[in-house]
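# Residue-level structural notes
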Amino acid sequence: MNKTTRESLPRHLIVVEKASDWKSDYPAYPVVTAREYLSSPDYARRGVKVLNLCRSFGYQTTGYYCSLLAQARRHRMLPSVRTLSDLMRKSLYQLEAEDLHERLQKAMKKVSEDKLELWLFFGRLDEGAPAHLAELAREIFEAFSCPILRIELRKDGGWKIFSVRAGSLTQLKAGQRTRFINALESFISKPWRNRKSRGSSRYDLAVLFNPDDPLPPSDLRALKHLERVGKTMGFYLEIIGKKDYARIAEFDGLFIRETTRINHHTYRFARKAESEGVVVIDDPESILLCTNKVYLAELLRANRLPAPRTVVLQEGMLQQAEALGYPVVLKIPDGSFSRGVYKAANRRELEEITTKLFRESDLILAQEYLYTEYDWRIGVLNRKPLFACQYFMSKNHWQIVDHKKGGSFSEGGYRTLPIEEAPEAVVKTAVAAAGLIGDSFYGVDIKQNGNKVYVIEINDNPNLEAGVEDAHLKDALYRAILEEFARRIDAKRAS
């Protein structure tokens with residue numbers, strides 16, 4: 001492996017899972033292992049282009065985390081974490097495949113078989129593939145920018161892109177390795193391009209809501225207030241559910257009021273809305289970034305925002321967790337509402353909890369324990385503070401929500417204040433943290449210890465419950481959110 005330091009960090013960096021994956025006869029590019037890239041601060045400089053050539057890219061694998069942390073470090077990465085997320089589910093990548101349908105039919109007219117597998121190396125066809133498919137291959141690569149792609153085409157009435165999968169160096173045969181290296185050298189010599197993106201009431205707004213969710217970000221009373229205020233502003237509001245996926249294009253906007261996750265219909269709804277030109281909050285990029293605590297920890301560190309001391313753990317790194325002191329907090333990357341968060345008081349508990357969590361994810365978080373009576377939640381909309389709440393810890397528990405065996409839970413109390421009465425440092429830090437994600441609607445959780453503040457989380461779909469977050473602003477809170485929807489919808493119509 002080539003020795004790379006912060007001072008000598010190149011403009012291009014290749015990440016492999018194992019040092020042996022980069023053969024001795026390959027070009028002498030700067031190459032590091034995934035473990036080195038994930039754990040060393042030497043690779044935090046911005047402006048680097050990263051080629052992720054790990055062996056697998058499934059959710060929460062090492063390859064996935066390399067792309068995720070590359071984005072937090074403001075590195076240009078290939079494949080991006082968004083591409084990886086799209087490739088995980090056929091329902092997502094078929095959104096992109098729809099754009100290629102007509103060109104696929106035309107390109108495949110001369111093919112007599114009913115099934116065809118293509119290997120693409122940076123959009124170039126492997127040897128033996130029909131040469132007239134070269135343009136189609138390039139367009140597939142623009143839609144799914146991944147160094148190695150395995151495409152399966154099937155004829156069923158018409159031709160369809162049946163599957164799109166990321167390939168790895170270890171799957172390549174001798175001749176393919178040569179062709180891959182040739183494509184790599186050509187690709188690196190050219191500027192990188194971003195993947196293409198799609199292009200009676202005044203506004204029709206869909207609200208995605210699950211009445212069976214035990215901890216939804218909004219309750220029905222809040223949604224009724226939203227609907228009532230919306231009517232005075234020209235909004236028609238309709239509550240929709242999981243089965244209404246095909247209807248997204250009927251609306252001007254989509255407000256997601258379910259707990260969001262990546263491998264979940266909430267993310268598919270956000271992607272579908274974006275692809276149809278529908279204004280959506282939470283937008284898919286915000287969901288993708290906020291739902292992973294590993295990404296958020298790296299993002300805060302890279303931008304020097306105050307946060308509890310945090311270590312990203314891989315197996316065999318328990319000493320780093322112990323260095324934070326006991327008790328130590330352990331988190332899975334994509335927990336929500338205090339789920340997937342544990343506290344270890346000693347080495348035995350640390351070993352038990354991490355053994356369990358490493359079955360779910362290749363990386364977990366260890367964080368110093370900071371007890372406070374309550375957490376601040378600052379609601380931020382389009383980079384401006386909207387509301388301020390204090391969420392108190394559940395009775396006789398160290399978290400806001402105490403999840404009990406059998407699925408029951410208890411919650412602590414709350415106090416809502418005008419923004420101007422919240423500490424200036426808390427509000428400023430929250431706005432800065434939310435701005436690292438984007439300009440959507442966020443809830444930033446902050447602990448305050450004397451004059452010091454610490455960012456705990458950035459939530460992409462903050463709570464909006466009647467009598468809680470709206471306790472001070474009342475209808476003005478709903479009006480502010482709807483005004484932002486109207487502004488964005490009007491801007492889309494104008495363009």
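Residues numbered from 1 in each chain as written. Predicted model: local features only at pLDDT ≥ 70, side-chain atom pairs only at ≥ 80, totals over all residues. Heavy atoms only, no water.

### Some details on the overall build of the protein chain
When its secondary structure is counted, the protein chain shows 15 helices and 23 strands. Of the roughly 22,100 Å² that the protein chain leaves accessible, carbon and sulfur atoms contribute 47%. (Helix = DSSP H or I, 4+ residues; strand = E, 2+ residues; numbered from the N terminus. Areas by Shrake-Rupley, 256 points an atom, 1.4 Å probe, with all protein chains shown as cover.)

### As for the sheet that holds strand E9 (residues 203-208)
Across the sheet, which stays open at both edges, the 4 strands sit in the order E10-E9-E11-E12 with parallel pairing between neighbours. In this open sheet, the two edge strands, each paired with only one partner strand, are strand E10 (235-240) and strand E12 (279-281). Strand-to-strand twist of the sheet, defined as the mean angle between neighbouring strand axes without regard to direction, takes the value 20 degrees. Pairing of E9 with E10, which is carried by 6 bridges, proceeds in the parallel orientation. Counted as the bridge partner of Leu 205 is Leu 237 from E10. (Pairing = 2+ DSSP bridges. Axes fitted to C-alpha atoms, helices over the stretch in contact; angles between N-to-C directions.)

### A few points about the confidence of the model for the protein chain
Scored by pLDDT, the protein chain has a mean of 86; 88% of the residues are at 70 or more. Counting contacts from residues 2-9, a segment whose pLDDT is below 50, to residues more than four positions away or on other chains yields 18 contacts. Counting interchain partners and residues more than four positions distant, the pLDDT-below-50 stretch residues 195-199 has 14 contacts. (pLDDT = per-residue confidence, 0-100. Contact = heavy atoms within 4.5 Å.)

### As for the side chain of Asp 219
Assignment of secondary structure puts Asp 219 in the loop between E9 and helix H8 (220-231). Among buried charged residues, Asp 219 stands out as having no salt bridge; its nearest opposite-charge side chain is Arg 221, 4.8 Å away. Sequence-distant contacts of Asp 219, defined by excluding residues within four places in its chain, comprise Leu 464, Glu 465 and Ala 466. (Buried < 20%, exposed > 50% of the residue type's maximum accessible area, 1.4 Å probe, protein only. Lys, Arg positive; Asp, Glu negative; His and termini not counted. Salt bridge = Lys/Arg side-chain N within 4 Å of Asp/Glu carboxyl O.)

### Comments concerning the packing of aromatic side chains
On inspection of all chains with the given rule, the structure shows 14 aromatic pairs. Pairing Phe 121 with Phe 180 gives two aromatic rings, centres 6.1 Å apart and planes at 90 degrees, and the pair type is edge-to-face. Highlighted residues: Phe 121 in strand E5 (residues 115-121) and Phe 180 in helix H7 (residues 174-188), separated in sequence by 59 residues. For the pair Phe 121 and Phe 180, one class covers both residues: buried. Taken together, the aromatic side chains of Phe 121, Phe 122, Phe 141, Phe 180 and Phe 187 make up a single cluster linked through ring pairs. Geometry around Tyr 37 places Arg 73 over its ring, the cationic atom sitting 4.7 Å from the centre. The cationic tip of Arg 154 hangs over the ring face of Phe 162; the distance from NZ or CZ to the ring centre is 3.6 Å. (Phe/Tyr/Trp six-rings, centres within 6.5 Å; stacked < 30°, edge-to-face > 60°. Lys NZ or Arg CZ within 6 Å of the ring centre and 35° of its normal.)

### Here we look at the packing of helix H2 (residues 62-72) against helix H3 (residues 81-88)
Between H2 and H3, the shortest axis-to-axis distance is 8 Å and the interhelical angle comes to 145 degrees. Listed contacts from H3 to Gly 63, Tyr 64, Ser 67, Leu 68 and Gln 71 of H2 are Val 81, Leu 84 and Met 88. Residues that form the contact of H2 with H3 fall into these classes: 5 nonpolar, 3 polar and no charged. (Nonpolar A, V, L, I, M, F, W, Y, C, P; charged D, E, K, R; others polar.)

### Quick notes on the sheet that holds strand E7 (residues 148-156)
In any sheet, the strands associate via hydrogen bonds between backbone groups, in a parallel or an antiparallel arrangement. If you trace the 4 strands from one edge of the open sheet to the other, you get E6-E5-E7-E8, paired in antiparallel fashion. Both outer strands of the open sheet, strand E6 (124-125) and strand E8 (158-166), are each paired with one neighbouring strand and no more. Sheet topology places E5 next to E6; 2 bridges connect them, and they run antiparallel. Note on E6: the bridge partner recorded for Phe 121 is Arg 124. Sheet strands touched by helix H6 (residues 134-143): E5, E6, E7 and E8. Its angle to E7, the strand with the most contacts, is close to 120 degrees. On the sheet, H7 packs against E5, E6 and E7 and is oriented at approximately 50 degrees with respect to E5.

### Describing the side chain of Glu 142
Inspection of the secondary structure assignment puts Glu 142 in helix H6. Of note is the side chain of Glu 142, whose polar atom sits 2.6 Å from the side chain of Arg 138. (Polar contact = N/O pair within 3.5 Å; in protein donor to acceptor, adjacent residues only side chain to side chain.)

### Quick notes on the state of the cysteines
As enumerated under the stated definition, the model contains 0 disulfides in all. Between Cys 66, a free cysteine, and Cys 54, which holds the nearest cysteine sulfur, the sulfur-to-sulfur gap is 4.1 Å. Residue Cys 66 is classed as buried on the basis of its relative accessible area, which comes to 2%. (Disulfide = S-S within 2.5 Å.)

### Here we look at the pattern of salt bridges
Applying the stated criterion across every chain, the model contains 32 salt bridges. One salt bridge in this structure joins Glu 117 and Arg 165, with 3.8 Å as the shortest N-O distance. One end of the pair, Glu 117, is in strand E5; the other, Arg 165, is in strand E8, and 48 residues separate them in sequence. The exposure class of Glu 117 is partly exposed, given its relative accessible area of 40%.

### Details of H3
Among the 8 residues of H3, 7 are classified as buried, and the element is accordingly described as predominantly covered. Restricting attention to buried positions, one finds in H3 the residues Val 81, Arg 82, Thr 83, Leu 84, Ser 85, Asp 86 and Leu 87.

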